[in-house]
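Structural characterization, general
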Amino acid sequence: FIAWHEPEHHVTLAAAPFFARRFANMRWSILTPGVSVHWDGAALAVADGARRSDAPDEDRLEEVWKTYYASIFNPSRLKVKAMTAEMPRKFWRNLPEAELIVPLIRTAEARSREMVAAAPTLPRAAATFTPRQDDGPAAAMASLGDVAAGLRGCRRCPLHCAATQAVPGEGAPDAPIMIVGEQPGDQEDLEGRPFVGPAGQVLDKALERVGIDRRASWLTNAVKHFKFEPRGKRRIHQSPNRAEIGQCRWWLAEEMRLVKPRLVVALGASAAFALTGRAVAVGEARGVIRPIAGEELPPLLVTVHPSYLLRLPDRARKVEEWGRFLADLRQAPAFLDALAGEVPAAGQGSPRPVGNTQRDRATAD
């Protein structure tokens, strides 16, 4: 997504972190005459200013956007002064919907009269989702086996309708590390196990490299059903929304209560949101172990989801991000060693080696 704007003041750098949090799952660029910012899904990059011609002339979503804008325009609540105060006319030249504003204002009074005179209409019939399980808190589970059994009958959100099955967590029931992903993928949905697809294979290599035993950890997801869009014979991954993550948060909390990990690793923005209850900019938060504010929960380590590494097209970038991913994950065993008193205090002894760069590159290949 590429946006062109001509701000009146030097606000681009100050506003960029907000857009990174708000649109964390998109790749986007904001081009302005003074400076440009780019978000790749993990980190913000700053570049020189741009020209209007640097933004694409063709926007496949522009007509859709204008149709949406015209549809939500409410002529009976029109306040021209409020509209122009919110978006002054000097900025209209860069808004595709600007060409609609004058005609919509001109016809607003007549449309309001028509709405008042029209007969009332019945709401359009639509399919509704009725949960078979109360959306409120369920009874606490006695074991992780009970969590897995309960998930098989979970109807808290509509995702169960299309998914093959719920995918519970797996691993050691007393694991010191809990690793939380976003949701099951296509292969996980079919097998009923977390992290067995391509992203899981990347994760397995990374865990082996940094010295984390997958079998001694607890691996799970923020959302337990696969959300996808059918496209021919393929099922294309779709990110869960906040409501879906919120409905599944109870199951994640039960897993955490039963496993009692000493550290939780969030793979990506959805997992971080499920664990903290707020949007987290992965690029800013990654690689640092922090407490989860306001909760009696173990510390949290945020990093990217391994599927992010699979999507990178550039080989050099892939190698670089693989190294960063390993560096993030290495914080976990170092933290647990420090808890156990196995690492010398600052200034005492020599630091442990953090890996072999040549070997890391080979794994990235």
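Residues numbered from 1 in each chain as written. Predicted model: local features only at pLDDT ≥ 70, side-chain atom pairs only at ≥ 80, totals over all residues. Heavy atoms only, no water.

Judged by pairing direction, the sheet is mixed, and its four strands sit side by side in the order β1-β2-β3-β4 without closing on themselves. Strand pairing shows two members of the sheet lacking a second neighbour, β1 (2-4) and β4 (44-48), which therefore form its edges. Averaged over all pairs of adjacent strands, the angle between their axes in this sheet comes to 15°, without regard to strand direction. Helix α1 (residues 12-22) rests against β2 (28-31), β3 (35-39) and β4 of the sheet, and its axis sits at about 15° to β3. (Pairing = 2+ DSSP bridges. Helix = DSSP H or I, 4+ residues; strand = E, 2+ residues; numbered from the N terminus. Axes fitted to C-alpha atoms, helices over the stretch in contact; angles between N-to-C directions. Contact = heavy atoms within 4.5 Å.)

Before going further, it helps to examine the packing of helix α2 (residues 62-72) against helix α4 (residues 98-106). As a packed pair, α2 and α4 sit with axes 10 Å apart at the nearest point and diverge in direction by 25°. Classified by the angle between their axes, α2 and α4 sit roughly parallel to one another. Seen from above, α2 lies across α4 with right-handed handedness. Two secondary-structure elements touch here, α2 through K66, Y69 and A70 and α4 through E99, L100, I101 and L104. (Parallel < 35°, antiparallel > 145°, perpendicular 65-115°, else oblique. Left-handed = near helix turned anticlockwise from the far one by under 90°.)

On the basis of which strands lie adjacent, the open sheet formed by six strands has the order β5-β7-β6-β10-β12-β11 and mixed pairing. The strands lining the two open edges of the sheet, one partner per strand, are β5 (170-171) and β11 (289-290). In this fold helix α13 (residues 315-339) packs onto β6 (177-181), β10 (263-267), β11 and β12 (300-303), with an angle of close to 165° to the strand it touches most, β12.

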